[in-house]
Amino acid sequence: MLKDLNTRTRPLNVAIYRKTHWASEIKPELDGKEVTLSGWVWEIRDVGRIKFIMLRDREGIVQVTVKRSLVNDETWDTVSRLSKEDVVSVRGIVRASKVAKAGVEVEPIEVKLLNKANPLPIDIWGNVDETILDLRLRYRTVDLKRRSNVVLFKALSEVVKAMRTTLYGYGFIEVFTPKIIATSTEGGAELFPVQYFERTAYLAQSPQLYKEELTASLERVFEIGPAYRAEKHDTTYHVNEFISVDVEAAFMNYRDVMGILEDVVVESYKAVVGLLSQIGREVRVPSKPFKVITYDDALSMLDKEGIKIKWGDDVPKEGLETLSRLIGEPFFIIHFPTMLRAFYTKPIEGDESRSESFDLIIDGMEVTSGSTRIHDRSELEKAMRARGLNPDNFSAHLEIYSWGMPPHAGWGLGLYRLMMVMAGVKNIREVILFPRDRYRLMP
RNA sequence: GCCCCGGUCGUUCAGCCUGGUCUAGGAUGCGGGCCUGUCGAGCCCGAGACCCGGGUUCGAAUCCCGGCCGGGGCGCCA
């Protein structure tokens, strides 16, 4: 039963739509009990003197059976004029039933129409082959009414909850870093400029530098927040605004944070198994520890498969897919060439051309990147120069490296990428409420 | 940015290759009607579409060119 609101402040005239139960909670055991359900008309089956309203809410669908002989004229009239997606509130008695397929139905005492709905622009009932994604995104608020979408976004919420719980368990605290930043000098990805009073600022592409700085005081931090990339990419797994799960920990190295990542990923899988099975997606929770191969291993494995990659080049999408096919479960690639990674990545001592870095690959998808970071200021400045970056442009960031910067490591995980591989969807936009891509700024 | 593919009722699928028989078909949704146990409800009636521009032709949904929009693959992505 839904947690009751404060009844002392509840105005009587709205009591009719303050629901007492989710649709999914209406079970035969409630037989004879009065309930109030509020939601949307999913479907109406009109058989003349008896009408069946399938009432949908976020949690499920319940049948409201309206018999002409058992309701007053006003209720019958209201029910007769209902159409799909009308918003209604039903006060009635639960009846365990042998004829109803679900074994239970609600016999209404009162039906209140809260808002009329026009015919929908797209099909949400599965009566026709699925509408193309572009059109579904244009009418996204309608598309989200589909059961599969409700389940998908409940699952996404469960994933975030599981991640937070796991990370708190390791002593991390959640932080929030600015999304409006001053610098565009970090190199790499293009940034979105924004007007910031009389100056130009930029949308943050990553909390990377901030989270590293925070290890000098808060030690173990994580942030789940948006990141912006102004890249004009056009693929099924890139968008220009995404949610990044960023973790950074003092006094740890890449192996330590890989272990934490394994836990976060496994707990995420556990959190969605039940939900995703409701929409026909059976996921297998991966077992720990994940398989680990080195970058050099990856190259020789791919070489045997006829995919030639020059040492020092990144593993292309095709290569990741091939490796996933060979390994068959989530796996780490470690020890990437140092120059392939960002300036803050710590090289391996005694093998400086390789780094203490890793990627987590699931189903050919790069879900996470991480590494041990350089914590020595002069080494960091050297690494910047090696990549053509001017340390002077990072003076604000570099300060803390002179004032007690601990050794640290961390990773960044693409939340939607993880969700997409867990849900088995082909396009990342499926798991984003309102995706932002090269051509889509609305809705 | 490159390569390939596509655009038909609100939605979805056919028709296009091989131009006329298309007054453009089916399903679903929508409007109306019938039915007191539907649960993929059923039956009857009705409204509803060839992306835009140009060309070829006696004739274009169909062939050609351009535009716009979309899909897939790749690239880019500290």
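Remember, predicted model here, so these are calculated numbers, not experimental data.

**A look at the overall build of chain A**
From N to C terminus, chain A includes eleven helices and 18 strands. Evaluated residue by residue, chain A yields a buried proportion of 49% over its 443 residues. Taking contacts inside chain A between residues at least 6 apart in sequence as the whole, the part at least 24 apart equals 64%.

**Side note on the nonpolar core**
Membership of the largest hydrophobic core comes to 57 residues, with the highest contact counts inside it found for Val-265, Leu-276, Phe-358, Trp-411, Leu-413, Leu-418 and Met-419. Here the element with the most residues in this core is helix α6 (residues 254-277); it accounts for twelve residues. Those residues in contact with Val-265 that sit more than four places away from it in its chain are Phe-290, Leu-360, Ile-362, Leu-413 and Leu-418. Ala-23, Leu-37, Leu-82 and Val-104 belong to the second largest nonpolar core, which has 21 residues in total.

**Here we look at a negative patch on the surface**
Residues Glu-349, Glu-352, Asp-376 and Glu-379 make up a contiguous surface patch of negative charge. Among the structural elements, Glu-379 can be located in helix α9 (residues 377-386).

**Quick look at the side chain of Asn-149**
In this structure, Asn-149 sits in helix α4 (residues 147-169). Assessed through its relative accessible area of 2%, Asn-149 is described here as buried. Within the structure, Asn-149 has its side chain in polar contact with the side chain of Asp-143 (distance 2.9 Å). When neighbours within four sequence positions are excluded, Asn-149 is seen to be in contact with Arg-136, Arg-140, Asp-143, Leu-144 and Glu-430.

**Points about the sheet that holds strand β8 (residues 193-196)**
One open sheet accounts for three strands, arranged β7-β9-β8; its pairing is antiparallel. Where the open sheet ends on each side, the last strands, each with one partner, are β7 (180-181) and β8. Where β8 and strand β9 (residues 199-203) come together, four bridges link them in antiparallel fashion. Of the residues in β9, the one forming a bridge with Tyr-196 is Arg-199.

**Thoughts on the pairing of strand β4 (residues 87-96)**
Side-chain direction in a regular strand flips from residue to residue, so the side chains alternate between the two faces of the sheet. As paired elements, strand β1 (residues 34-46) and β4 share seven bridges and run antiparallel to each other. Across the sheet, Gly-39 pairs through a bridge with Val-88, a residue of β4. Sheet topology note: the β4/strand β5 (residues 104-115) ladder contains ten bridges and is antiparallel. The residue bridging Ala-96 from the neighbouring strand is Val-104, located in β5.

Conventions adopted
- Residues numbered from 1 in each chain as written.
- Chains lettered and ligands numbered in written order.
- Predicted model: local features only at pLDDT ≥ 70, side-chain atom pairs only at ≥ 80, totals over all residues.
- Heavy atoms only, no water.
- Helix = DSSP H or I, 4+ residues; strand = E, 2+ residues; numbered from the N terminus.
- Buried < 20%, exposed > 50% of the residue type's maximum accessible area, 1.4 Å probe, protein only.
- Contact = heavy atoms within 4.5 Å.
- Core = buried A, V, L, I, M, F, W, Y, C linked by side-chain atoms within 4.5 Å.
- Patch = residues over 30% accessible without salt bridge, like charges linked within 9 Å, V, L, I, M, F, W, Y side chains within 5 Å.
- Areas by Shrake-Rupley, 256 points an atom, 1.4 Å probe, with all protein chains shown as cover.
- Salt bridge = Lys/Arg side-chain N within 4 Å of Asp/Glu carboxyl O.
- Lys, Arg positive; Asp, Glu negative; His and termini not counted.
- Charge placed at Lys NZ, Arg CZ, Asp CG, Glu CD.
- Polar contact = N/O pair within 3.5 Å; in protein donor to acceptor, adjacent residues only side chain to side chain.
- Pairing = 2+ DSSP bridges.

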